[in-house]
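# Chains, contacts and geometry: an overview
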Amino acid sequence: MAEKHIGKQTVFLKNPPSIKATASFVGPKEGKGPLKNDFDYIIPDELWGEDSWEKAESKLVREVFAKVLQKAKLTNDKIDYVLAGDLLNQCIAANYGLRETEVPFFGLYGACSTMAESISIGSLVVEGGFAENIVCMTSSHFCSAEKQFRFPLELGSQRTPTAQWTVTGSGAVVLSSGGAGPYIKHITTGKIIDLGITDANNMGAAMAPAAADTIFAHFKDTGLQPDYYDLIVTGDLGKVGKQICQEILKSNGLDIESRFNDCGVMIFDAETQDTHSGGSGCACSATVLAGHIYKQLTQGNLKRVLFVATGALMSPISSQQKESIPGIAHAVAIHRTLN
Amino acid sequence: MKKSFTKDQYSKYVEEVSPKSKLFTNVLKAFLVGGIICDIGQLFINLLKSKGLDSDAVSSITSIIMIFLAALLTGLNVYDEIGKFAGAGSIVPITGFANSVVSPAMEFKSEGYVLGMGAKMFIVAGPVIVYGICSSIIAGIIHYLIT
């Protein structure tokens, strides 16, 4: 009997791993947004001295990995594993960004849910006693994502009101056994959910049912109430998806409105930054968690946070073959103290 | 969850809650910018005619000038801003066609001149050329048969 498994989708971590340090670098646009003071570094331009956007994204991964180690006062040889992934084909941002680290590496693909996926798996590995320190990280880049998933940047086309803006950046956390917190106490792993949305310019609507399902499962499995958390935050549903997720939960008798927010809504000012429905991409939830939310947790403004990163699991090929967009969401409960 | 949507119910619901594009203002902007682009073309036509060129030469040279201007503005990162404002107004004229060739050429240069720029240059404009030529052949056959 798996005694740490509670309910259908949740695990309770008896010896919760703690977040030893976080690091986040973002692009120039994110660096002008409402959370600009919470990031470690704002890169000066999209290429950051490289000759392609893909190389710039790998550089983000490389530099954020170095930064998070420096902040955790650890060296590469003290890291047992690094768990990372991104949006590019075959996860090249992580593969190339981390190839010189000489740290055992697991590559993950959870689309924009990768930050919660890596923290989930990393926490299980640390809690299981298989590792002392693990780095969990992810990245995305507006230009490389547009190139792979949409149209050339200089093509004179219009974005729809429901479209989202891929965040340029990378976020990382170091998970350690013991430590002074914040702690990862529960993990709720999401199922793939597809309600038939085919519009790649309305990812929020494609992912919202998955987010609602995971949040509902978390409260059902743990028996907790939404007011247990100071903040329930989804990854990149954007304005449209956030509203849909909230209403699906409400129709199921779960009212989270008073403490609900979305990283994609938080990271940009939709009025002045022309980002339509909000931010998206792996780095959206990763940098908001590693920057803003972690800061709020360590300063004591937040005590308990349910972090639910959301991903859309389609590819350009599946979209061209008229397939709908499956969504996924993974939840991680982060507590400032052990109580 | 207890209450869940069927795919049909969900797509109807999403349709309701998603904000719509502003049809009237978008059409108006497209009309104005598309009109201005055509005016600029007309300006060159009149100018070239006044220099005494014949009408075939005038239309060829005007097209070349308009394509050059659109390619230049694409390279200077300006045409996408015009397109964001004008929508179809700057896509439909020949300048939009130039933009759709130059923008992928710029984007895929990082994968080399042959398999990157050369191969990907027509990812947007390619279908227009293919089906444009196909329909011109069909039109040609019909013309041949009825005359």
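Rules used in this analysis
- Residues numbered from 1 in each chain as written.
- Chains lettered and ligands numbered in written order.
- Predicted model: local features only at pLDDT ≥ 70, side-chain atom pairs only at ≥ 80, totals over all residues.
- Heavy atoms only, no water.
- Domains from an automatic or database assignment.
- Contact = heavy atoms within 4.5 Å.
- Buried area = accessible area lost by both parts, 1.4 Å probe.
- Salt bridge = Lys/Arg side-chain N within 4 Å of Asp/Glu carboxyl O.
- Polar contact = N/O pair within 3.5 Å; in protein donor to acceptor, adjacent residues only side chain to side chain.
- Helix = DSSP H or I, 4+ residues; strand = E, 2+ residues; numbered from the N terminus.
- Buried < 20%, exposed > 50% of the residue type's maximum accessible area, 1.4 Å probe, protein only.
- Phe/Tyr/Trp six-rings, centres within 6.5 Å; stacked < 30°, edge-to-face > 60°.
- Lys NZ or Arg CZ within 6 Å of the ring centre and 35° of its normal.
- pLDDT = per-residue confidence, 0-100.
- UniProt positions renumbered as here; feature names shortened; annotations may be inferred.
- Pairing = 2+ DSSP bridges.

Bringing the domain arrangement of chain A into the picture now. Residue and element names in this part refer to chain A. By the assigned domains, chain A splits into domain 1 (5–176) and domain 2 (183–335). In this structure, domain 1 and domain 2 have C-alpha centres spaced 17 Å apart. Listed per partner, the contact involves 64 residues of domain 1 and 63 residues of domain 2. Contact between domain 1 and domain 2 buries roughly 4900 Å² in total, counting both sides, with carbon and sulfur atoms accounting for 63%. Ranking the residues of domain 1 by area buried against domain 2 places Q9, C112 and Q164 at the top, with a combined share of 16%. Inspection of the domain 1/domain 2 interface yields 1 salt bridge. Its salt-bridge partner being K295, residue D38 comes within 3.2 Å of it at the nearest N-O pair. On inspection of domain 1 and its partner domain 2, the count reaches 25 residue pairs in polar contact (both at pLDDT 80 or more). Where the side of domain 1 that touches domain 2 is concerned, the elements lending two or more residues are β2 (10–12), β3 (18–26), α3 (114–127), β7 (133–140), α4 (142–149), β8 (165–166) and β9 (169–176).

This next bit is on α4(A). Burial of α4(A) is extensive: 7 of the 8 residues sit out of reach of the surface. Residues of α4(A) that are buried include every one of F142(A), C143(A), S144(A), A145(A), E146(A), K147(A) and Q148(A), and no others. Elements that come into contact with the buried residues of α4(A) comprise α1 (53–72), β7, β8 and α10 (316–320) of chain A together with α6 (94–107) of chain B.

For the rest of this paragraph, the subject is the pattern of salt bridges. Residue and element names in this part refer to chain A. Scanning all chains against the criterion turns up 14 salt bridges over all chains. When the shortest N-O distance is used, the salt bridge between K14 and E3 registers 3.6 Å. Highlighted residues: K14 in the loop between β2 and β3 and E3 in the segment before β1 (5–6), separated in sequence by 11 residues. With respect to burial, K14 and E3 carry one shared label: exposed.

Attention now moves to the packing of aromatic side chains. A ring pair, where both rings are aromatic, is described by two values, the distance of the centres and the angle of the planes. Evaluated as defined, the whole model comprises 10 aromatic pairs over all chains. Both rings, one in F5(B) and one in Y13(B), keep their centres 5.4 Å apart while their planes meet at 20 degrees; by these two values the pair is stacked. Judged by relative accessible area, which is 23%, F5(B) ranks as partly exposed. The ring of W165(A) is capped by K29(A), whose NZ or CZ atom sits 4.3 Å from the centre of that ring.

Contacts between chain B and chain A engage 34 residues on the former and 35 residues on the latter. When chain B packs against chain A, close to 2900 Å² is buried across both sides, 60% of that on carbon and sulfur atoms. Of all residues in chain B, M1(B), Y10(B) and E107(B) give up the largest surface area on contact with chain A, accounting jointly for 26% of the area buried on that side. Elements represented by at least two residues in the side of chain B that touches chain A include exactly α1 (7–17), α4 (79–86) and α6 of chain B.

Residues and elements named next belong to chain A. With respect to the element layout, V174 can be found in strand β9. Put simply, V174 and P226 are 52 residues apart on the chain and 27 Å apart in space, counted from C-alpha to C-alpha. When near neighbours in sequence (up to four residues on either side) are disregarded, V174 contacts S18, I19, K20, A21, V68, A72, L74, I134 and V135.

It is worth spelling out the confidence of the model for chain B at this point. Across chain B, pLDDT averages 95, with 99% of residues at or above 70. On the interface metric, ipTM, the complex scores 0.91, and its pTM is 0.95.

All names here are of chain A. With omega at 0 degrees, the peptide bond leading from G181 into P182 counts as cis. Within the secondary structure, P182 is located in the loop between β9 and β10 (183–188). Of note in the backbone geometry, A111 takes a positive phi value of approximately 45 degrees without being a glycine. Secondary-structure assignment places A111 in the loop between β6 (105–107) and α3.

UniProt tags residues 27–45, 57–78, 85–102 and 122–146 of chain B as "transmembrane region" (unreviewed entry). From the first C-alpha to the last, residues 57–78 of chain B spans 29 Å; its make-up is 86% helix and 0% strand.

All names here are of chain A. The element β9 is extensively covered by neighbouring structure, given that 8 of its 8 residues are classed as buried. Burial of the side chains of β9 extends over both faces: G169, G171, V173 and L175 are buried on one face and S170, A172, V174 and S176 on the other. With 8 bridges connecting them, β3 and β9 associate as antiparallel partners. Opposite S24, over in β9, you have G171 as the bridge partner. Sheet topology places β7 next to β9; 8 bridges connect them, and they run antiparallel. Note on β9: the bridge partner recorded for S140 is G169.

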